[in-house]
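Structural overview
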Amino acid sequence: MVTPAARREALGILTGKGLSQRSACRIVGVSRRIGSYEVKQPVKDRAVATRIIEASSRYPRFGYRRIAVMTDQSMGRVWRLWGKLGLSLPRRRPRKRRCGTDIRLPGATKPNSVWTYDFVHDRLANGQTLKLLCVLDEHTRECLAIEVGKSLRNQDVILTLSRLMRIYGKPAFIRSDNGAEFTATAVMTWLRDNNVGPAFIKPGSPWQNGFVESFNGKLRDECLNREWFITRQEAKVLIEKWRQFYNNERPHSALANRTPAQAGLQRLQIQNV
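This section reports on the structure supplied with the text. (Residues numbered from 1 in each chain as written. Predicted model: local features only at pLDDT ≥ 70, side-chain atom pairs only at ≥ 80, totals over all residues. Heavy atoms only, no water.)

Section: the pairing of strand β1 (residues 114–123)
As a general feature of sheets, a regular strand has side chains that alternate between the two faces. Note the threshold: Categorising residues by exposure relies on relative accessible area from a 1.4 Å probe, with only protein chains included: less than 20% of the type maximum marks a residue as buried, more than 50% marks it as exposed, and the intermediate range marks it as partly exposed. Strands here mean DSSP runs of E at least two residues long; helices mean DSSP runs of H or I at least four residues long; both are numbered from the N terminus. The pairing criterion for strands is at least two bridges between them, as found by DSSP.
Across the 10 residues of β1, 8 count as buried, placing the element largely inside the fold. The pairing of β1 with strand β4 (residues 173–176) spans 3 bridges and is classified as parallel. Paired with V114 across the bridge in β4 is F173. Two successive antiparallel strands, β1 and strand β2 (residues 129–137), enclose a turn made up of 5 residues, where G127 displays a positive phi of approximately 90 degrees.

Structure, rendered in structure tokens:
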């Protein structure tokens, strides 16, 4: 069944090619009243459309689902206006899927059961290197820290974990890849002395550390690719600002559109029991 909107679009194409409105209406098979009818946006949608445009301008990498949560509107209403406003994001190229199956490591069952960490690399505007250490709680999805520096070594890993454990308590396990900073003797000894178990993924299998890999993609897409850092101090300030936004304002679909900070309240309840 051809919708009225499709018929009006066909009329526009035919009249744009030089046909008279009478002839175009006869070809499409509609009344000439439809050809002269102007579709107006309902008054009730104008205010919502304005809020959607403002939110989309502020967070250009968000889709309609997350914008609906942040504007406190229904998914259906935002989806309807999203297409009309031309706000759809370009489709990402699908990733190649591996054949066969993989054995997944056990996931986090409660706050502080499993942390995960990884490095992200970037550059300043002058080409100097920038290295980031991201630490997450797999259960609450909270980003506990993003350490920024020129180079971060095993001692920096230990100092970061020590500081975070004084704030949040000790996790049972810490998941990571097999990078030299994570497998260093100093780091392994420190984890053993603090009764924290290292959980290494299989070499060459980043999908086994999916939580932090997904977070790294969001960090790059929503922060690193949008900013032009002049100095490392500026990078530290802006990245920390984004981390606070990620934890306290950004709704997370895996948390029923709660923020990681809201999910992290469970950590405080557990610690107070």
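A short note on the packing of helix α10 (residues 210–224) against helix α11 (residues 232–248)
What counts here: An axis is simply a line fitted to the C-alpha atoms; with a helix, the fit covers only the stretch in contact. Between two such axes, the angle follows the N-to-C directions and lies from 0 to 180 degrees. When describing relative orientation, an angle under 35 degrees is termed roughly parallel and one over 145 degrees roughly antiparallel, while 65 to 115 degrees is termed roughly perpendicular and anything else oblique. Left-handed describes a crossing whose near helix is turned anticlockwise from the far helix by less than a right angle; the clockwise case is right-handed. Between two residues, a contact is recorded if the distance between any of their heavy atoms is within 4.5 Å. Classification convention: Asp, Glu, Lys, Arg as charged; Ala, Val, Leu, Ile, Met, Phe, Trp, Tyr, Cys, Pro as nonpolar; all other residues, Gly among them, as polar.
Viewed as axis vectors pointing N to C, α10 and α11 meet at an angle of 120 degrees, and their least axial separation amounts to 11 Å. Our classification of the angle between α10 and α11 gives oblique. Crossing geometry of α10 relative to α11 is assigned as right-handed. For the pair formed by α10 and α11, the contact residues are F215, K218, L219, E222, C223 and L224 on the first element and L238, I239, W242, F245 and Y246 on the second. Its residues placed into classes, the contact of α10 with α11 shows 9 nonpolar, no polar and 2 charged.

Quick notes on the pattern of salt bridges
Which entries qualify depends on this criterion: Salt bridges are defined as contacts in which a side-chain nitrogen from Lys or Arg sits within 4 Å of a carboxyl oxygen from Asp or Glu.
Scanning the entire structure with this criterion turns up 7 salt bridges. Between E138 and R175 there is a salt bridge whose closest N-O contact spans 2.6 Å. Placement of the pair is E138 in the loop between β2 and β3 (143–149) and R175 in strand β4, with a sequence separation of 37 residues. According to the relative accessible area criterion, R175 is buried, its value standing at 3%. Across the salt bridge formed by D193 and R192, the nearest N and O atoms sit 3.5 Å from each other. Like D193, the residue R192 is exposed in the burial classification.

So yeah, pure geometry; function would need other evidence.
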